[in-house]
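What follows is the residue order along each chain.
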Amino acid sequence: MTTFAVTLGLIVKGPDDVRRSHFERVTDRYATLEAADAHLLDCSWGYSDHGGHATVDIDLTVDADDETAAYELASASVRSAIHDAHGATPGWGERASDPAAVVYRLTDESVALLPARTSAR
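Given the structure is predicted, the values throughout are model-derived calculations rather than measurements.

Quick notes on the rules
Counting from 1, residues in each chain are numbered in the order their sequence is written. A pLDDT threshold of at least 70 governs which residues receive local features in this predicted model, and a stricter bar of 80 or more applies before side-chain atom pairs are shown or counted, although totals over entire chains, interfaces and linings include all residues. Only heavy atoms go into the side-chain values, all of them from the structure, while hydrogens and water stay out. Counting from the N terminus, the helices are the DSSP runs of H or I reaching at least four residues and the strands are the DSSP runs of E reaching at least two. The quantity called the radius of gyration is restricted to C-alpha atoms. Its globule counterpart is 2.2 Å times the number of residues to the power 0.38. Per-residue accessibility, obtained with a 1.4 Å probe over protein chains only, is compared with the maximum for each type, and a residue is labelled buried under 20%, exposed over 50%, and partly exposed between these values. A pairing counts as a salt bridge when a side-chain nitrogen of Lys or Arg comes within 4 Å of a carboxyl oxygen of Asp or Glu. Pairing between strands is defined by DSSP: at least two bridges between them are needed. Axes here mean lines fitted to C-alpha atoms, for a helix over just the part in contact, with angles spanning 0 to 180 degrees between N-to-C directions.

Colleague: Please clarify how the overall build of the protein chain should be interpreted in this entry.
Modeller: The number of helices and strands found in the protein chain is two helices and four strands. In the protein chain, the succession of α and β elements from N to C terminus is β-α-β-β-α-β. For a compact globule of 121 residues, the expected C-alpha radius of gyration is about 14 Å, and the protein chain comes in at 15 Å, within 12% of that figure. Seen along its three principal axes, the alpha-carbon backbone of the protein chain occupies a region of about 50 × 25 × 25 Å. Counting all 121 residues of the protein chain, 33% fall into the buried class.

Structure, rendered in structure tokens:
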């Protein structure tokens, strides 16, 4: 396994009064996924409200066999957390059918190989 840093940028749309609390539910759901999967090593989330929408920046560290697998693991785990919190991810293979849904759209992504970890002695 190799360690990768994956960065995802999202735009979030939905009712102004629920976006922030929904984001908090998403991060809680992700924490549960992270605790259950040894390949999800670390994650930090940033949220910024811009009036009619919000932006979310996510930095994940994952163990995977290659860059493609790292992106797929990171992306799938974030999408799962959004879905578990009853959000929608159109553009990631689905459409939001409820106009009151909180919608997360991917705007940016990157994957980088991290230096090999050394064990503490």
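Let's pick the thread back up.
Colleague: What should I look at first to understand the pattern of salt bridges in this one?
Modeller: Oppositely charged side chains are able to pair whenever their charged atoms sit close together. A complete count under the given rule lists three salt bridges for this structure. Across the salt bridge formed by Asp-16 and Arg-19, the nearest N and O atoms sit 2.8 Å from each other. The network of salt bridges with common partners includes Asp-16, Arg-19 and Asp-49.

Colleague: What is the right way to look at unusual backbone geometry in this model?
Modeller: For residues that are not glycine, phi is negative in most cases, and the peptide bond is trans in most cases. Not every positive phi belongs to a glycine, and His-86 is a case in point at roughly 70 degrees. One can find His-86 in the loop between α2 (67–84) and β4 (103–113).

Colleague: Explain the sheet that holds β4 to me, please; I cannot follow it from the model alone.
Modeller: Sheet strands pair via backbone hydrogen bonds, and the direction of the pair is either parallel or antiparallel. Read across the open sheet, the four strands follow the order β2-β3-β1-β4; overall the sheet is antiparallel. Only two strands of the sheet have a single partner each, and these edge strands are β2 (40–49) and β4. Between one strand axis and the next, the sheet turns through 15 degrees on average, direction left out of account. Where strand β1 (residues 2–13) and strand β3 (residues 54–64) come together, 11 bridges link them in antiparallel fashion.

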